Amino acid sequence: MWGMADGDVLFEQALALLLDGEGGESLMKSAALMRRAADSGHAAAANNFGAMLHHGRGVHQDFAAARAYYAQAAEAGLAPAMFNLGFMKLRALGGERNEVEARALFEKAAHLGEVNAITFLGVMMMTGEGGPKQFAEAQAWWDKGAELGDNRCAFNLGMAHAGGHGKEQPDFVEAWRWFSRAHDMGNHSAGPELERLASVLTEDERRQIEG
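Residue indices begin from 1 for each chain and proceed along its sequence in written order. The predicted nature of this model means local features are confined to residues of pLDDT at least 70 and side-chain atom pairs, given and counted, to a pLDDT of 80 or more, with totals for whole chains, interfaces and linings taken over all residues. Think of the side-chain values as coming from all heavy atoms in the structure, minus any hydrogens and water.

Caption draft 1: Expanded view of the packing of aromatic side chains. Paired rings are identified among Phe, Tyr and Trp, the last through its six-membered ring, by centres lying within 6.5 Å, and are further divided according to the angle between planes into stacked (under 30 degrees), edge-to-face (over 60) and tilted (the rest). Summed over the entire model, instances satisfying the criterion amount to seven aromatic pairs. When the centroid spacing of 5.3 Å and the interplanar angle of 65° are considered together, the rings of phenylalanine 83 and phenylalanine 120 count as edge-to-face. With phenylalanine 83 in helix α5 (residues 79-91) and phenylalanine 120 in helix α7 (residues 115-127), the pair connects residues that are 37 residues apart, well separated along the chain. For the pair shown, phenylalanine 83 and phenylalanine 120 are each scored as buried. Here a strand is any run of E in DSSP of at least two residues, a helix any run of H or I of at least four, and the numbering for each starts at the N terminus. Only protein chains enter the area calculation, which uses a 1.4 Å probe; residues under 20% of their type maximum are buried, those over 50% are exposed, and those in between are partly exposed.

Pasting the structure below:
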């Protein structure tokens, strides 16, 4: 029976093979080692092997098995695995769709600073998927995600302000600021939104932006 120390060794060996970039036989060997590490109870290995099963890297693609390994890692408290498991539940990959459980997993991972979870949680809160609509909370999470460097969160904040979600009317000035920030962070969708806003801004709004 493998212990956690053995799991650490196997995981490091699997990572070394995975990162050598050669693919083929190395990738298959990495998958085999990653599985052994995961089966020893190594959380990061369980998440990584889940991802290999999810995407068919070094093993045959198996969504149900991927979900099970993600669940193992999530139960051990690994935030990326919580996101991965939530994503599979949201997309009905490897089992039934369950948006309530997906949202709960995203929220748990978001509290641990997982930016993918923050992005998805905000969307679900904004749309009311898997729970009530919570516009202010969604924007607060996206603000945190943007501070962590996620350009999707900055872009989503631009969309929220441009659409007036949770407000009496749109705030094009704030939308412009967030789209500009998203653009500076490398979001390719922000440029067209800035062009659209430029065509509807009032002179007063332009002065606010320039000031």
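Caption draft 2: The arrangement of the nonpolar core in detail. Take the buried residues of types Ala, Val, Leu, Ile, Met, Phe, Trp, Tyr and Cys, join any two whose side-chain atoms come within 4.5 Å, and each joined set is a nonpolar core. Ranked by internal contacts, the top residues of the largest apolar core, which has 57 residues, are Met34, Phe49, Met52 and Phe106. Two residues form a contact once any of their heavy atoms are found within 4.5 Å. Not counting the four nearest positions on each side in its chain, methionine 52 is found in contact with Leu18, Leu27, Ser30, Ala31, Met34, Arg57 and Val59.

Caption draft 3: Representation of the packing of helix α3 (residues 43-55) against helix α4 (residues 63-75) within the structure. At a closest axis distance of 8 Å, the pairing of α3 and α4 adopts a crossing angle of 160°. It follows from the interaxial angle that α3 and α4 lie roughly antiparallel. Here α3 runs over α4; the crossing is left-handed. Contacts between α3 and α4 pair Ala43, Ala46, Asn47, Phe49, Gly50, Ala51, Leu53 and His54 from the former with Phe63, Ala65, Ala66, Tyr69, Tyr70, Gln72 and Ala73 from the latter. Considered class by class, the residues forming the contact of α3 with α4 number 11 nonpolar, four polar and no charged. Orientation is described by axes fitted as lines to C-alpha atoms, over the contacting stretch for helices, and by angles from 0 to 180 degrees between their N-to-C directions. Any angle that is under 35 degrees is reported as roughly parallel, and any over 145 degrees as roughly antiparallel; angles of 65 to 115 degrees are reported as roughly perpendicular and all others as oblique. For a crossing to be left-handed, the near helix must be turned anticlockwise from the far one by less than a right angle; the clockwise case is right-handed. The classification used treats Ala, Val, Leu, Ile, Met, Phe, Trp, Tyr, Cys and Pro as nonpolar, Asp, Glu, Lys and Arg as charged, and all other residues, Gly among them, as polar.

Caption draft 4: Focus on the side chain of asparagine 187. Here asparagine 187 is to be found in the loop between α10 (172-184) and α11 (190-198). Counted as a polar contact is a pair of N or O atoms within 3.5 Å, where, for protein atoms, one must be capable of donating a hydrogen and the other of accepting one, and residues adjacent in sequence contribute only when both atoms are in side chains. Of note is the side chain of asparagine 187, whose polar atom sits 2.9 Å from the side chain of asparagine 151. In this structure asparagine 187 touches Asn151, Arg152, Phe155 and Ala182, once residues within four positions along its chain are discounted.

Caption draft 5: How the structure looks around helix α9 (residues 151-163). Each helix should span, by expectation, one fewer than its residue count multiplied by 1.5 Å. Compared with the 18 Å implied by 1.5 Å per residue over 13 residues, the 18 Å span of α9 between its first and last C-alpha is a close match. Taken as a whole, α9 has its buried residues at Cys153, Ala154, Phe155, Asn156, Leu157, Gly158, Ala160 and His161. Residues of α9 that are buried sit in contact with α7, α8 (135-147), α10 and α11.

Caption draft 6: Looking closely at the pattern of salt bridges. Counted as salt bridges are all cases of a side-chain nitrogen of Lys or Arg within 4 Å of a carboxyl oxygen of Asp or Glu. A complete count under the given rule lists 10 salt bridges for this structure. Between arginine 181 and glutamate 147 there is a salt bridge; the shortest N-O distance is 3.0 Å. Taken together, the residues arginine 181 in helix α10 and glutamate 147 in helix α8 connect sequence positions 34 residues apart. If you follow the salt bridges from partner to partner, you end up with Arg97, Glu99 and Glu129 in one network.

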